[in-house]
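# A closer look at the structure
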Amino acid sequence: MPYITRRMVREDLDQVNEIDHEAFPTQWPPANYKQELQNKIAHYIVQCDSTRFLPLSAMQQKRKNSFFSRLLPWVKKPAVTLPETPTPQMYITGFAGIWMLAGEGHITNIAVRSEYRGRRLGELLLLATIDLGQSLDATFMTLEVRASNIVAQALYNKYGFMEMGVRKGYYLDNHENAIIMSTETLKAGTYQARLKELREALEQNPPG
């Protein structure tokens, strides 16, 4: 698959904010991902299209074409610190995050660029987010989803999330209810078998 998932870093913030504003236009106040990167309980990942890169900015292009940048590959031990030749940044297709609270991996958001929707990248991100939770020793995963978002609820059901309750008027834009969903214990044999089956299905029929 051409998609790579990795931890979010500060250099990703511009792209992540673009995707956030596109996916959650009515959210207020908007999420502060710069602050989230410093939040010890927050953990974020980004999904990148490994075949697509952002164009270098004018300043980066100037550095790339500078005398020192051209000289750098031939200098093994420079007498001065030379600027590194900039590399293009991969195009981020989506991102997701969780908060770790007392063994609970709470999914805060999952978002995919509109131009990449309909390719099952949200499913790929969900699986990567569950993997992230497991790597952080989460006992189970939870999330909230809009009561009207039947498509998302179906995806979460597919990955073992069950309805646990309702938060009345949870969303500030229209006071819509949120459905609380949670998995069973992640280490349960039944859940691991489900994940294995779903992972193999994605590998056999990868997102486009």
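The following paragraphs examine the structure supplied in this document. (Residues numbered from 1 in each chain as written. Predicted model: local features only at pLDDT ≥ 70, side-chain atom pairs only at ≥ 80, totals over all residues. Heavy atoms only, no water.)

### Structural notes on the side chain of Gln153
Here Gln153 lies in helix H6 (residues 150–158). Accessibility expressed as a relative area gives 13% for Gln153, which makes it buried. Among all residues touching Gln153, those that are not within four sequence positions of it are Val145, Arg146, Ala147, Ser148, Ile179 and Met181. (Helix = DSSP H or I, 4+ residues; strand = E, 2+ residues; numbered from the N terminus. Buried < 20%, exposed > 50% of the residue type's maximum accessible area, 1.4 Å probe, protein only. Contact = heavy atoms within 4.5 Å.)

### Regarding the packing of helix H5 (residues 121–135) against H6
It is the contact of H5 with H6, at a shortest axis distance of 11 Å, that shows an interaxial angle of 45°. By the criterion of interaxial angle, the relationship of H5 to H6 is oblique. H5 and H6 meet at a crossing whose hand is right-handed. The residues of H6 that touch H5, namely those facing Gly122, Glu123 and Leu126, are Leu155, Tyr156 and Lys158. Class assignment of the residues belonging to the contact of H5 with H6 gives a composition of three nonpolar, one polar and two charged. (Axes fitted to C-alpha atoms, helices over the stretch in contact; angles between N-to-C directions. Parallel < 35°, antiparallel > 145°, perpendicular 65-115°, else oblique. Left-handed = near helix turned anticlockwise from the far one by under 90°. Nonpolar A, V, L, I, M, F, W, Y, C, P; charged D, E, K, R; others polar.)

### What to know about the sheet that holds strand E7 (residues 178–182)
The strand order E1-E2-E3-E4-E5-E7-E6 describes an open sheet built from seven strands, whose pairing is mixed. Pairing within the sheet leaves two strands with one partner each, and these edge strands are strand E1 (3–7) and strand E6 (162–167). Direction aside, neighbouring strands of the sheet carry axes that sit 25° apart on average. The pairing of strand E2 (residues 42–53) with strand E3 (residues 90–101) spans nine bridges and is classified as antiparallel. Each residue of the ladder has a partner; that of Ala42, found in E3, is Trp99. Against the sheet, helix H1 (residues 13–23) engages E2, E3 and strand E4 (104–112), with an angle of about 80° to E3. (Pairing = 2+ DSSP bridges.)

### Overview of the environment of Leu155
Its place among the elements puts Leu155 in helix H6. Taking the C-alpha atoms as reference points, Leu155 and Gly122, separated by 33 residues in sequence, lie 8.9 Å from one another. The contacts of Leu155, once residues within four sequence positions are left out, are Gly122, Glu123 and Leu126.

### Observations regarding the nonpolar core
Within the largest apolar cluster, 34 residues are counted, with the highest numbers of intra-cluster contacts made by Ile107, Leu126, Tyr156, Tyr159 and Phe161. Of all the secondary-structure elements, those providing two or more residues to this core are E3, E4, H5, strand E5 (140–146), H6, E7 and helix H7 (189–204). What Ile107 contacts, discounting residues up to four positions off in sequence, is Gly97, Ile98, Leu126, Thr129, Met141, Thr142, Leu143 and Phe161. Counting 12 residues, the second-largest nonpolar core is a separate cluster that includes Met8, Ile19, Tyr33 and Phe95. (Core = buried A, V, L, I, M, F, W, Y, C linked by side-chain atoms within 4.5 Å.)

### A short note on the packing of aromatic side chains
Applying the stated rule across the entire model yields six aromatic pairs. Ring centres of Tyr33 and Phe95 lie 5.2 Å apart, and the angle between their planes is 80°; this geometry places the pair in the edge-to-face category. One end of the pair, Tyr33, is in helix H2 (residues 33–36); the other, Phe95, is in strand E3, with 62 residues separating them in the sequence. Both residues of the pair, Tyr33 and Phe95, count as buried. Judged by centre distance (5.1 Å) and plane angle (90°), the rings of Tyr170 and Tyr171 are edge-to-face. Each residue in the set Tyr3, Tyr91 and Tyr116 is aromatic and connected to the rest through ring pairs, giving one cluster. Directly above the ring of Tyr91 sits Arg52, whose terminal nitrogen or CZ lies 3.8 Å from the centroid. Of note, Arg146 hangs over the ring of Tyr171, and the distance from its end group to the ring centre comes to 4.2 Å. (Phe/Tyr/Trp six-rings, centres within 6.5 Å; stacked < 30°, edge-to-face > 60°. Lys NZ or Arg CZ within 6 Å of the ring centre and 35° of its normal.)

### Describing the pairing of E5
Among the seven residues that make up E5, five are buried, leaving the element largely enclosed by the rest of the structure. Where E4 meets E5, three bridges bridge the pair, whose relative direction is parallel. Paired with Gly105 across the bridge in E5 is Met141. Tracing the backbone out of E4, into H5 and back to the parallel element E5 gives a crossover that is right-handed. As defined by bridge partners, E5 adjoins E7 across five bridges and the pair is classed as antiparallel. Note that in E7 the partner of Val145 across the bridge is Ile179. (Right-handed = clockwise from strand over helix to strand, strands pointing away.)

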